[in-house]
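Residue-level structure breakdown
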Amino acid sequence: MTGRGAIAIEPMDGAAAVRAQDAFRLVYAEAFAGPPYHETGDGVAAAFRRFPVQAGDHGFRAALARAGDGAPIGMAYGRPLPPDAVWWDELTEPVPDAMRREDGRRTFGLMELAVRGPWRGQGVARGLHTALLDGIGAERVLLNVHPENRAATAAYRAWGYRKVGETRPGGGAADLHDVMLLDLPGPA
């Protein structure tokens with residue numbers, strides 16, 4: 001990382017993430033304000049009305065990165081997909097039953113990963129990703145990424161993710177997103 005001072009990444013459970021909700025909101029609002037997301041104030045408000053409920057889900061995990069002065073600079077969060085997960089149902093083309101099988105532990109859904117502009121390209125996203133996934137015990141990680149976010153897509157590919165389909169998150173009104181999957185190493 002550059003001369004901005006030490007960057008600390010704090011793994012959190014759901015309760016801690018809710019207590020730090022304002023920091024998550026700040027990162028989310030700034031990181032997704034520009035293209036290709038163009039997140040509005042109403043969209044941010046809606047996302048953070050859902051946040052406490054999501055944080056209460058079984059297995060929810062989060063990670064928050066802060067600069068040396070304590071300012072939030074990046075965040076990530078997700079949870080294991082439950083057996084009745086709809087994530088696979090939202091793909092534009094069906095995938096094999098063996099891929100979509102969920103048991104509440106098999107797949108960790110990476111819901112959000114974002115870094116504020118001035119801190120991008122310094123390894124913060126990688127650090128958040130590593131902290132979030134440390135010890136999750138899942139076989140794989142699933143995420144959606146906007147295909148026009150080339151930097152994020154390139155990072156995910158460099159970390160071992162592969163595209164397995166496309167989706168319109170939350171229904172038909174959203175932009176088409178790539179669905180990417182990362183197979184995690186098995187137990188030693």
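Below or above, wherever it landed, is the structure these notes cover. None of these values were measured; they are calculated from a predicted model.

Attention now moves to helix H2 (residues 21–31). Looking at H2, one finds that the buried residues are Gln21, Ala23, Phe24, Val27, Tyr28 and Ala31. Here the buried residues of H2 occupy an arc of 165 degrees about the axis, which is enough to place them on one side. Buried residues along H2 sit in contact with strand E1 (8–13), helix H1 (14–19), helix H3 (41–55), strand E2 (61–66), strand E3 (72–80) and strand E4 (107–115).

To continue, consider the packing of aromatic side chains. Tallied over the full model, the rule gives 11 aromatic pairs. For the ring pair Phe51 and Tyr77, a centre distance of 5.0 Å and an interplane angle of 80 degrees mean the geometry is edge-to-face. Of this pair, Phe51 sits in helix H3 while Tyr77 sits in strand E3, and the two are 26 residues apart along the sequence. With respect to class, Phe51 is no different from Tyr77; both count as buried. Aromatic side chains Tyr156 and Trp159 sit 5.6 Å apart centroid to centroid with 80 degrees between the ring planes, which places their arrangement in the edge-to-face category. A relative accessible area of 17% places Trp159 in the buried class.

As a packed pair, H2 and H3 sit with axes 11 Å apart at the nearest point and diverge in direction by 145 degrees. Handedness of the crossing formed by H2 with H3: right-handed. Across the interface between the two elements, Gln21, Phe24, Arg25, Tyr28 and Ala29 from H2 touch Val44, Ala45, Ala47, Phe48, Phe51 and Pro52 from H3. Grouping the constituent residues of the contact of H2 with H3 by class yields 9 nonpolar, 1 polar and 1 charged.

Reading the values: rules and limits
- Residues numbered from 1 in each chain as written.
- Predicted model: local features only at pLDDT ≥ 70, side-chain atom pairs only at ≥ 80, totals over all residues.
- Heavy atoms only, no water.
- Buried < 20%, exposed > 50% of the residue type's maximum accessible area, 1.4 Å probe, protein only.
- Helix = DSSP H or I, 4+ residues; strand = E, 2+ residues; numbered from the N terminus.
- Arc of directions from axis to C-beta.
- Contact = heavy atoms within 4.5 Å.
- Phe/Tyr/Trp six-rings, centres within 6.5 Å; stacked < 30°, edge-to-face > 60°.
- Axes fitted to C-alpha atoms, helices over the stretch in contact; angles between N-to-C directions.
- Left-handed = near helix turned anticlockwise from the far one by under 90°.
- Nonpolar A, V, L, I, M, F, W, Y, C, P; charged D, E, K, R; others polar.

Interpretation note: all reported values are geometric properties and have no functional meaning in isolation.
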